[in-house]
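Notes for the structure review
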Amino acid sequence: MPAPAEATAGKSGPEADVIVVGGGVIGTAIAWRAARAGRAVTLIDPGTDDKASLVAAGMLGPVSESVFGEQDLLTLNLHAVGRFPSFNAELEAASGHRTGLRTEGTVAVAYDNDDLAALDRLTEFRHSIGLAAERLTARDCRRLEPFLAPSTRGGVLASGDLSVDNRRYLAALREAARRAGVRPLTGTVTAVERGPARARVHARVTPAGAPAGGPGQTVTLSAAHVVVAAGWATGAIEGLPDEIGKAIRPVKGQLLRLRHPPNLPPIASHTIRATVQGRDIYLVPRADGELVVGATQEERADRDITAGAVHDLLRDAMTALPAISELILAEASAGLRPGTSDNGPLLGRVGDGRVIIAAGHFRNGILLSAATADAVAALVDGQDPHRAWAPFHPGRLA
């Protein structure tokens, strides 16, 4: 690694109390929360459009997404969804932006006997651990969602699930952070160092007005605390324990955005999760009439849109809601989620505690954003985060 120039106040501004690496929903929520507490915060982000939070459906579904064998993650997700509404209200007030939070819940439906049997087994499991999941007949499903296919066999209502417009939510976080005084830098962090008094960050910073991703200037910044929240790119940052780099990987997901044409009423009022011949698909309505359809899950690191993924998503979506054929295909997009070796996030201090990891949120980044911001705020204050985070300390990977 080349020796970087030490940043000075004239080149890179004053030293920060907290440097946050990564400007997705996790990093920006952390930065806003820290700035609201009166800390001087610098947020370093590449400024590119490859954030997982820009290619997401915004589902906050701890009940409908709970599966066998992930009890610790379910406990964390339930804590997170309980925190989200009040955090969101604070965010809307601080930013002046609406995030499109919806509270109707999730309707999970099945279309053949095998899929319904699998859904029933999962519902029994959810009941056994105390989750609220109401079984629905085919008639109940179509009463809640009249546009569901006649072949609907039955379903489940998870009334505690929420959803939010992911892009509006990130925009609100950015505006709230700006108003709170968070200092943004466009650049890529290459390494972190843990020092006895302060932590240091080595970064290639792009000058203001220059295209993101340009060569930039190599600088070193220091802070009392450095929070690494760089999503799937966290593993490429030098200076972190080897096990963190090995545990985090990019997992590709593709989704579609459909738009209602004029004079066509909304065809869904709840988030709909459908199981079609063993394949899962979800459809998330937006307040502006958009419908998000997703998502594939591929162990790949590219962001190409593939014809097969578009075909499969539309095929399964039209099995669930045939009226989708009348909607306008507004966008197909792909993003990289930060997966981990055990599907759980990484949150905790590294070494002497001046470097904090908040990464690996996989499919739950938006859901966990508020709870993560709270947890990092506690760590910065020298306290322990909520007990639901205990199983997800990065030390478990060692």
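Residues numbered from 1 in each chain as written. Predicted model: local features only at pLDDT ≥ 70, side-chain atom pairs only at ≥ 80, totals over all residues. Heavy atoms only, no water.

Each helix and strand counted, the protein chain has 9 helices and 18 strands in total. On C-alpha atoms alone, the protein chain measures out to a radius of gyration of 21 Å, which is about the 21 Å that the 2.2 N^0.38 rule sets for 398 residues. For the C-alpha atoms alone, the extent of the protein chain along its principal axes is close to 65 × 45 × 40 Å. The buried share among the 398 residues of the protein chain stands at 54%. Looking at the protein chain alone, contacts between residues at least 24 apart form 75% of all its contacts between residues at least 6 apart. (Helix = DSSP H or I, 4+ residues; strand = E, 2+ residues; numbered from the N terminus. Rg over C-alpha atoms; globule rule 2.2 N^0.38 Å. Buried < 20%, exposed > 50% of the residue type's maximum accessible area, 1.4 Å probe, protein only. Contact = heavy atoms within 4.5 Å.)

The next point concerns the layout of surface pockets. Of the voids in this model, the second largest pocket is the one considered here, and its volume is about 690 Å³. Taken together, 30 residues form the lining of the second largest pocket, with Glu65, Val67, Arg273, Asp280 and Arg363 sitting closest to its centre. Mapped onto the lining of the second largest pocket, the elements with two or more residues apiece are helix H3 (71-95), strand E5 (106-110), helix H4 (113-128), strand E13 (271-276) and strand E14 (279-285). For the lining of the second largest pocket, the element with the highest residue contribution is H4, accounting for 5 residues. Residues belonging to the lining of the second largest pocket are distributed by class as follows: 14 nonpolar, 9 polar and 7 charged. (1 Å grid on protein atoms, 1.4 Å probe; cavity = no way out; pocket = protein on both sides within 12 Å on 5 of 7 lines; lining within 4 Å. Points joined across faces, edges and corners; volume = space filled by probe spheres on them. Nonpolar A, V, L, I, M, F, W, Y, C, P; charged D, E, K, R; others polar.)

A few words on unusual backbone geometry. Despite not being glycine, Gln277 has its phi angle at roughly 50°, a positive value. Looking at where Gln277 falls in the secondary structure, it is placed in the loop between E13 and E14. On the basis of relative accessibility, which here comes to 60%, the residue Gln277 falls in the exposed class. Backbone geometry at Phe362 places phi at a positive 55°, although glycine is not the residue there. Here Phe362 shows up in the loop between strand E18 (355-359) and helix H9 (365-380).

It is at 9 Å that the axes of helix H2 (residues 25-36) and helix H6 (residues 166-180) come closest, and there the two elements cross at 30°. Looking at the two axes, H2 sits roughly parallel to H6. The element H2 and its partner H6 pack so that their crossing is left-handed. The residues of H6 that touch H2, namely those facing Val25, Thr28, Ala29, Trp32 and Ala35, are Tyr169, Leu170, Leu173, Arg174, Ala176, Ala177 and Ala180. For the contact of H2 with H6, the class distribution of residues is 10 nonpolar, 1 polar and 1 charged. (Axes fitted to C-alpha atoms, helices over the stretch in contact; angles between N-to-C directions. Parallel < 35°, antiparallel > 145°, perpendicular 65-115°, else oblique. Left-handed = near helix turned anticlockwise from the far one by under 90°.)

Before going further, it helps to spend a moment on the nonpolar core. Of all hydrophobic cores here, the largest spans 49 residues; its most connected members are Ile30 and Tyr169. Going through the elements one at a time, strand E2 (16-21), H2, strand E3 (41-45), H3, H6, E18 and H9 are the ones with two or more residues in this core. Here this core gets 10 residues from one element, more than from any other, and that element is H9. By size, the runner-up hydrophobic cluster in this structure holds 28 residues, among which are Ile267, Ala268, Leu291 and Ala317. (Core = buried A, V, L, I, M, F, W, Y, C linked by side-chain atoms within 4.5 Å.)

For the rest of this paragraph, the subject is the packing of aromatic side chains. Across all of its chains, the model carries 2 aromatic pairs by this definition. Geometrically, the ring pair formed by Trp32 and Phe87 is edge-to-face, given 5.3 Å between the ring centres and 75° between the ring planes. Linking Trp32 in helix H2 with Phe87 in helix H3, this pair joins segments that are 55 residues apart in sequence. When the ring of Phe84 is compared with that of Tyr169, the centres are 5.3 Å apart and the planes differ by 40°; the resulting orientation is tilted. Of the two residues, Phe84 is situated in helix H3 and Tyr169 in helix H6; the sequence distance between them amounts to 85 residues. Note on accessibility: Phe84 and Tyr169 belong to one class, buried. (Phe/Tyr/Trp six-rings, centres within 6.5 Å; stacked < 30°, edge-to-face > 60°.)

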